[in-house]
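# Structural description and commentary
What follows is each chain in one-letter form.
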Amino acid sequence: MDADPPRLYAPPSGFTRLRLTVAWDGRDFAGWQEQRNAASVQATLQAALEQIGGQGALRPVAAGRTDAGVHAEAMPLHWDVPQTFRVPLPQLPRALNARLPRAVSVLAADLAPPGFHARFSCTERRYVYRLWVAPQRHPLWAGRALHVPGPLNAAEMNRAAHSLLGLHDFAAFATREDRQTVRDLLRLDIQVRSDGHRGGELWEIHVAGESFLRHMVRGLVGTLLLVGQGKLAAAEVRGILASRERAQAGANVPPGGLYFTGAEYGVRRVEGRPRAGQGAEENGLTAVDG
């Protein structure tokens, strides 16, 4: 069967669509989305653009809407700017970064390809959750990795993680979710990086999927931690998944260890056949976590 044709998007008349890659430290922000009484990444970027002649630009649209305290290593976004905007693209990252706080940086900027939408065209979103596993906390990881003082069983955590891969109803791992809760989990695994000279290990839990439920990644990590600590058997995780009851799974881990690490655009395989990129939200999904 042929892949469905991709949905194409275009900027409004009189605007040019740019594609940028942005990174930020989430500790200074109440999340990506602009808010009335709190600092957001979206509003911070908008204010910087206006300082360099970008008045009238529409709000930037990111591949994912991170929550308060969640970081981004490489977040794609699109930005519709007036065709009268005159800052050359090669100079745009530096011009914006000169006006942005230290917690945000534009890594790259270019014209968006025809039909591109940072959120709706995205076919895969990637996250990593970092743990600092050591007897003592480390100040350089405060707010950037969850300190776990006791030992963890990586093999059992990976065994439990493997049982969650694929297309399932993930209601048991979501917070206050009133949308449909079926998601396709493409990756969930644990990697350990020794850091002996600092007295511990940095653990990374890698997660990938087209879209996620609210706090789904943090709920998955909290459940895997129970397995690693021996408080939950790996074989029990499938039962938690089937229960669809949030109370059965582990608690959400804090946001400071969570990073949006990248996104893919184009065609990916779903249920054995290719599917062209189309908006997650068009299918009743939303590309959020936190």
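Residues numbered from 1 in each chain as written. Predicted model: local features only at pLDDT ≥ 70, side-chain atom pairs only at ≥ 80, totals over all residues. Heavy atoms only, no water.

### A few points about helix α1 (residues 41-50)
As a reminder, the rule being used: Relative accessible area decides the class of each residue, using a 1.4 Å probe on protein chains only: under 20% of the type maximum gives buried, over 50% gives exposed, and in between gives partly exposed. By the criteria applied, helices consist of DSSP H or I runs no shorter than four residues and strands consist of E runs no shorter than two, each listed in order from the N terminus. Residue contacts follow a heavy-atom distance rule, with two residues in contact if any of their heavy atoms lie within 4.5 Å.
Within α1, seven of the ten residues are buried, leaving the element largely enclosed by the surrounding structure. Buried residues of α1: Val41, Gln42, Thr44, Leu45, Gln46, Ala48 and Leu49, and no others. Contacts from the buried residues of α1 go to β1 (15-24), β3 (71-82), α2 (92-97) and β4 (104-111).

### Things to note about the nonpolar core
Test applied: What is meant by a nonpolar core is a set of buried Ala, Val, Leu, Ile, Met, Phe, Trp, Tyr and Cys residues, joined one to another through side-chain atoms within 4.5 Å.
Grouped together as the largest cluster of nonpolar side chains are 69 residues, with contacts concentrated most on Leu45, Leu96 and Ile205. Among the elements that take part in this core, helix α4 (residues 216-228) stands out by supplying seven residues, more than any other. Those residues in contact with Leu96, other than ones at most four positions away along the chain, are Leu20, Ala48, Leu49, Ile52, Trp79 and Val106. Counting residues in each nonpolar core, the second largest holds seven residues, with Val128, Trp132, Ala145 and Leu202 among its members.

### Regarding the environment of Arg183
Spelled out, the test is: The term polar contact refers here to a pair of N or O atoms within 3.5 Å; inside protein, the definition further demands a hydrogen-donor-capable atom paired with an acceptor-capable atom, and it admits residues adjacent in sequence only when both atoms are side-chain atoms.
Structurally, Arg183 is set in strand β8 (residues 182-195). Side-chain polar atoms of Arg183 contact the backbone oxygen of Gln180, separated by 3.3 Å.

### Things to note about the packing of aromatic side chains
Just so we agree on the cut-off: Two aromatic rings, drawn from Phe, Tyr or Trp (for Trp, its six-membered ring), form a pair once their centres lie within 6.5 Å of each other, and the interplanar angle then sorts them: stacked below 30 degrees, edge-to-face above 60, tilted otherwise.
Scanning the model with the defined rule gives six aromatic pairs in all. Ring geometry for Tyr9 against Phe120: centres 5.7 Å apart, planes inclined by 50 degrees, an arrangement best described as tilted. Taken together, the positions of Tyr9 in the segment before β1 and Phe120 in the loop between β4 and β5 (122-133) put the pair 111 residues apart, joining distant regions of the chain. Residue classification places Tyr9 among the buried positions, given a relative accessible area of 13%. Given a relative accessible area of 18%, Phe120 falls into the buried group.

### With respect to the packing of helix α3 (residues 154-162) against α4
Inclusion rule: Here an axis means a line fitted to C-alpha atoms, over the contact stretch when the element is a helix, while the angle between two N-to-C directions is reported on a 0 to 180 degree scale. Roughly parallel here means an angle under 35 degrees, roughly antiparallel means over 145, roughly perpendicular means 65 to 115, and every remaining angle is called oblique. Handedness of each helix crossing follows the sense of rotation of the near helix against the far helix: counterclockwise by less than a right angle gives left-handed, clockwise gives right-handed. Any residue that is not Ala, Val, Leu, Ile, Met, Phe, Trp, Tyr, Cys, Pro, Asp, Glu, Lys or Arg is counted as polar, Gly included; the first ten are nonpolar and the last four charged.
Taken N-terminus to C-terminus, the directions of α3 and α4 make an angle of 140 degrees; their axes are 8 Å apart at the nearest point. Taken as axis vectors, α3 and α4 run oblique relative to one another. The way α3 lies across α4 gives a crossing that is right-handed. Across the interface between the two elements, Glu156, Met157, Ala160 and Ala161 from α3 touch Leu224, Leu225, Val227 and Gly228 from α4. Among the residues making up the contact of α3 with α4, the classes are represented as six nonpolar, one polar and one charged.

### Re the confidence of the model for the protein chain
Where the model shows low pLDDT, its predicted coordinates should not be examined in detail. For the record, the criterion: Per-residue confidence from the predictor is given as pLDDT, running between 0 and 100.
Here the protein chain averages 91 in pLDDT, while 88% of its residues score no lower than 70. Of the regions scoring below 50 in pLDDT, residues 271-286 engages in 61 contacts with residues more than four places distant in sequence or in other chains.

### Focus on the pattern of salt bridges
Put simply, the rule is: Salt bridge, as used here: a side-chain nitrogen of Lys or Arg that lies within 4 Å of a carboxyl oxygen of Asp or Glu.
Using the criterion set out here, one finds 13 salt bridges in the structure. Among the ionic pairs, Arg59 bridges to Glu34, the shortest N-O distance being 3.7 Å. With Arg59 in the loop between α1 and β2 (61-62) and Glu34 in the loop between β1 and α1, this residue pair connects regions lying 25 residues apart in the sequence. The exposure class assigned to Arg59 is partly exposed, which follows from its relative accessible area of 44%. Across the salt bridge formed by Arg130 and Glu73, the nearest N and O atoms sit 2.8 Å from each other. Remark: Glu73 occurs in strand β3 and Arg130 occurs in strand β5; sequence separation between them is 57 residues.

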